[in-house]
Amino acid sequence: MQLTTNRARFGLPGTLALHLRLVAGWHILLSVVGATAVAYLWLANGGMVLWLKGISTAVLLMLTIASVLAVPALLRRQHRGRTLSLLVNYLGFVFALIALLHYAGVFIGIDALANTFGRGVLFFSVILAGYLVHGVADRFRDYPQTFRRLQRTGNWVMLAGLVAFLLAVGLIPGLLAFLARLGEPRNALLFGAVLLFGFVLWLMWRHEMASLLGEKSRDSEMLNGYLFLSPNLLGFLLFFAGPLLLSLYVSFTDSDAFGRQNWIGLQNYGEIFNLSVAPLQSPTQLAGEVLDVRVYDELTRFTLFGRSYVLGAQDKLFWIALRNTVMFVLTAVPLSVVPALLLAAVLNSQVPGMKVFRTIYFLPSIAAVVGVALIWRWLYNSTVGWINYFIASIVTLINQLAGAEVLTDPQIGWLSDTKVALFAVVIIAAWQWMGFNTVLYLAGLQNIPKSLYEAATVDGANSLTQFFRITIPLLAPTTFFVVSTTTIQAMQIFDQVYVLTNPPGGPGTSTTTIVLYLYTQGFRNFRQGYASSIAWVLFLLIFGLTIFQFQRQRSAAAE
Amino acid sequence: MRIKQLWSLIALLLLVSLVLAACGGGTTTSQPAANEPAANTAVEPAAPAAEVTIRWRTRPDNQEEANVYQNISNQLDAQLEGIKLVYEPGGSETASYQDVLKTELASGTAPDVFWIPGTDVADFATRGLIYDLRPLANATPGYSDDAFYPGPMLHLTFNPATGKSGEVLWGLPRDVSTFALYLNLDLIEEAGAEDPRELEAAGEWDWDAFMEVAKAVSALGGEFKGYGGSAWWGPYGVWINAAGGSFFNADRTACALNTPEALEGLAFAQMLYTQSGVAVPYGEDPEPPFRAGKVGMFQNGRWATPGIRTVNFNWDVVGLPTGPNGEPGNWLFWGAYVVNANTPNPEQAWKLVQALTTAETQGKVAALGANIPSRVSQEALDAFLTFTPPANNQAFLNGLAQDPTAEGPLWAGSWPQFVTVMDAAISSLLTGQTTLDNFAATVCDEANKAFNR
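Conventions used here
- Residues numbered from 1 in each chain as written.
- Chains lettered and ligands numbered in written order.
- Predicted model: local features only at pLDDT ≥ 70, side-chain atom pairs only at ≥ 80, totals over all residues.
- Heavy atoms only, no water.
- Pairing = 2+ DSSP bridges.
- Helix = DSSP H or I, 4+ residues; strand = E, 2+ residues; numbered from the N terminus.
- Axes fitted to C-alpha atoms, helices over the stretch in contact; angles between N-to-C directions.
- Contact = heavy atoms within 4.5 Å.
- Patch = residues over 30% accessible without salt bridge, like charges linked within 9 Å, V, L, I, M, F, W, Y side chains within 5 Å.
- Areas by Shrake-Rupley, 256 points an atom, 1.4 Å probe, with all protein chains shown as cover.
- Salt bridge = Lys/Arg side-chain N within 4 Å of Asp/Glu carboxyl O.
- Buried < 20%, exposed > 50% of the residue type's maximum accessible area, 1.4 Å probe, protein only.
- Phe/Tyr/Trp six-rings, centres within 6.5 Å; stacked < 30°, edge-to-face > 60°.
- Parallel < 35°, antiparallel > 145°, perpendicular 65-115°, else oblique.
- Buried area = accessible area lost by both parts, 1.4 Å probe.
- Polar contact = N/O pair within 3.5 Å; in protein donor to acceptor, adjacent residues only side chain to side chain.
- Nonpolar A, V, L, I, M, F, W, Y, C, P; charged D, E, K, R; others polar.

Peer 1: With reference to specific residues and values, describe the sheet that holds strand β2 (residues 297–304) of chain A.
Peer 2: All names here are of chain A. Here we have three strands laid out as an open sheet, ordered β1-β3-β2, and antiparallel in their pairing. Each of the sheet's edge strands pairs with one partner strand only, and the pair in question is β1 (275–279) and β2. Averaged over all adjacent pairs, the angle separating strand axes in this sheet is 25°, with direction ignored. Across five bridges, the pairing between β1 and strand β3 (residues 307–313) is antiparallel. Of the residues in β3, the one forming a bridge with Leu275 is Ala313. Across the sheet, helix α12 (residues 316–347) is in contact with β1, β2 and β3; its angle to β2 comes to roughly 60°.

This is the structure in structure tokens:
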């Protein structure tokens, strides 16, 4: 009753008008605070790095301008004011809450929660029991009293189990610690900000306020749409677009990730693309005699119109990594796409037990890359590995059958022979990716109308003709998707190489790929700026390749 | 409807409670931002009134070692007044211990005390990531640099600003280790080769004798190999050192991989891997074939002992063979406990570093048999010798006495960049992709760029 009275009182136009004026005042305050914060950022001699200062300024200015614009609109009772106010207060609420959780140590605490989680696992069985009791209630729908009693009992058991779980994992000390941390001035300020932003947000969101400001159905739809979109949108901006742009900025600096960050313009990109060609007097002349070895390392030699040349690069390893990556893409993509298509065609048949085979072929694609690579490392061991053992057994068998040594055991150094090592990685990657590609092709195959095959059969086309004239052309969109995604995946190959080879990228530089190389530069050589520039070069390569594939697909579709 | 709302509210409250419960697991140590200036030379912190939490980490090679460190942490936690210790076992080398650590340092969440390998000290120190403990050490009664092996201390007390040792203190060595050859005695006997231990005792254990044993085992045919060494700078560095060469010139300011001595050592390694065919191919992990009984001699440090103890053949260890320089060219491997430059509690962190490197603590770690105490202490060495197998534990200690080259950072350049070039070039050499002449003509041109940074 009291609740209803309050609701009625809050809904009175006079009270609403007062709230509106309060909110307008709140936005004036926010505008002043925002402008002061921007001025402080640039006038105070703080240690904030330029990129952070820039981003903070942009965000603060956006919120300040939105606040400034909201004030007159609210006073004129325009709905635009409500929209701006909701935007500012929603973002303020989210940022203040995240900052509060961060400074109160909750995020680090969640990590630690993993350690205490085990203590409460037992209570999950209580929750499960409650759930079962609740579920059993459905069997007694004809007995309403029993039905309700069982449902209620189930709910309470679940609730008790959850509370017991929380207590077991440390709710009480957690709450006490959180409350203690709220006492710190910064956290108290953030807590106050959360409450204020939350309160204003509630005031402006209410139906009565919406009506007062003349909300139309399209306004309502827009706000609801953005509200639903906001978790993903904010996550995208904060955790994807933000870091992406940051890495672009970092690529123009000499950042080592530990504080040093000087703007060096295009120097990193210059280092990547700094190449030099010099003619040689003889094909065996030392590169050091014609190249400035303080800058360039010999990358390769070539002969043009009867004359030998040496190509030097300031960063030889980048070009070697690029070559390896291209080689990898050129072999791994066909080997994971063509067999996938053939396999899908086979698995598409209505033979009993085919679902089991589909599952088996799909399994490698969901297996953890690191675990798989470790197992393959053992299989590949040239001395005691199963693959060489199998090859040796076959060779022995053939020689015994022939009665003479017609074959020699090749003893392949899968991971120690520079000519073979990259192919060893290709085998694993193709094996892992093929399963997923097969599923995509299966989906594509099942979309092809059966009537086309029936018509072709009537016309006298055999299976092979049907495959090449019907299946492959109609699978073109699927093939485009499969090839594009597999190419992107192949260009970014890292995990398998990192785990499989020792040292990563070996033997020599035979398996050093672009992503592995940028990882080495960023995390081993303390060159985050240079690593970022390599990442952007890779991005442009992938982007260009994907555009090319898109255009090819469009041309093919137009034909 | 109201009941539904009530349940929604309860569910929301419980969710919030779950998040808040997370607060209980956090430590009370507050980490300043990574880009705050490191208090590198001054001792500023005020004495804390209450117990402070010190997080520490080291790189264990296996779970047993992690358990030993956890027990040590528990014991020290009870001993050190006003300090609550939280031990965080780091990942193994293959789990990128250093990469994870660097990421945490960049984000300001690294532990207060952590272990780093000796080669990383320069990078960490010159970037202001670790604390100069000298002022605290000077104020500590009874502390002396001389209590530890001089090789590691030369680098741990090196001041890059003046180029002199003894002026600063970047940390204290956790342990030391040397290389030895793990022997498959059954295989060597089957091959009819002489026992390397006897050859060593007779003073005849040199490169020629080593090659004879390796050839004899390889002559068994099939997948049997005489020798196996891992693909990193330690194993091939031994051959360079034993021939009188070095990776660097005398003052470690330039590459010396193309000197005649270094090339002589590499020529021997090249013969092992490519010409004679007696070695497990370079780049293949030699430990699995050794444990499978297919390799006669496996070169590795003391840290490999726990794993080797599980093999089902007779085994022991022997020192490295003497090279043309008259020495086996062994390494003195080491790593150090250092203090995070951003720790709010450097005094407590220093106390922990000291406690972790006492003879008593090192004896407990040595009991595992994974490494040798870094403190020059007969008590610790005696403890180490008692933990067998291998019967010939002394081989590791002999390695210490035979003037080993101390693993060390590169103060005048970038070690990671140098080793990237060196590893690739030597890998090409030892897998037959390049000739020794080509290697000699190009390697230092490329490697010297590491000194320009």
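Peer 1: Lay out a nonpolar patch on the surface with the relevant residues and their values.
Peer 2: All names here are of chain A. A cluster of nonpolar residues, Met222, Tyr226, Leu229, Leu233, Phe236, Leu237, Phe240 and Leu244, forms a patch on the protein surface that exposes about 740 Å² of accessible area. Tracing the chain through its elements places Leu237 in helix α10 (residues 217–250). Classification of Leu237 by relative accessible area gives partly exposed; the value is 46%.

Peer 1: I'd love a proper account of the packing of aromatic side chains, names of residues and values included.
Peer 2: To describe a pair of aromatic rings, you give the distance between the ring centres and the angle between the ring planes. Residue and element names in this part refer to chain B. One pass over the full model with this rule turns up 70 aromatic pairs over all chains. When the ring of Trp233 is compared with that of Trp415, the centres are 5.4 Å apart and the planes differ by 85°; the resulting orientation is edge-to-face. One end of the pair, Trp233, is in helix α10 (residues 233–242); the other, Trp415, is in helix α18 (residues 415–430), and 182 residues separate them in sequence. Since its relative accessible area comes to 9%, Trp233 is described here as buried. With relative accessibility at 7%, the residue Trp415 sits in the buried group.

Peer 1: Lay out the packing of helix α11 (residues 260–275) of chain B against α18 of chain B with the relevant residues and their values.
Peer 2: Residues and elements named next belong to chain B. The N-to-C vectors of α11 and α18 enclose an angle of 50°; their axes lie 9 Å apart at closest approach. On the basis of their axis angle, the class for α11 and α18 is oblique. Across the interface between the two elements, Leu266, Ala269, Gln270, Tyr273 and Thr274 of α11 pack against Ile426, Leu429 and Leu430 of α18.

Peer 1: Can you tell me about the interface of chain B and chain A, naming the residues and giving the values?
Peer 2: Contacts between chain B and chain A engage 53 residues on the former and 60 residues on the latter. For the pairing of chain B and chain A, the buried interface totals around 4700 Å² over both sides, and the portion due to carbon and sulfur atoms is 62%. If you look at where chain B meets chain A, you find four salt bridges. Lys449 of chain B is the partner of Asp297 of chain A in a salt bridge, and the nearest nitrogen-oxygen pair spans 2.5 Å. The interface formed by chain B and chain A holds 14 residue pairs in polar contact (both at pLDDT 80 or more) in total. When residues of the side of chain B that touches chain A are traced back to their parent elements, those giving at least two are α1 (2–21), α3 (97–107), α4 (121–126), α12 (287–291), α18 and α19 (436–447) of chain B. In terms of residue count, the dominant contributor to the side of chain B that touches chain A is α1 of chain B (eight residues). Partitioning the side of chain B that touches chain A into residue classes produces 23 nonpolar, 17 polar and 13 charged.

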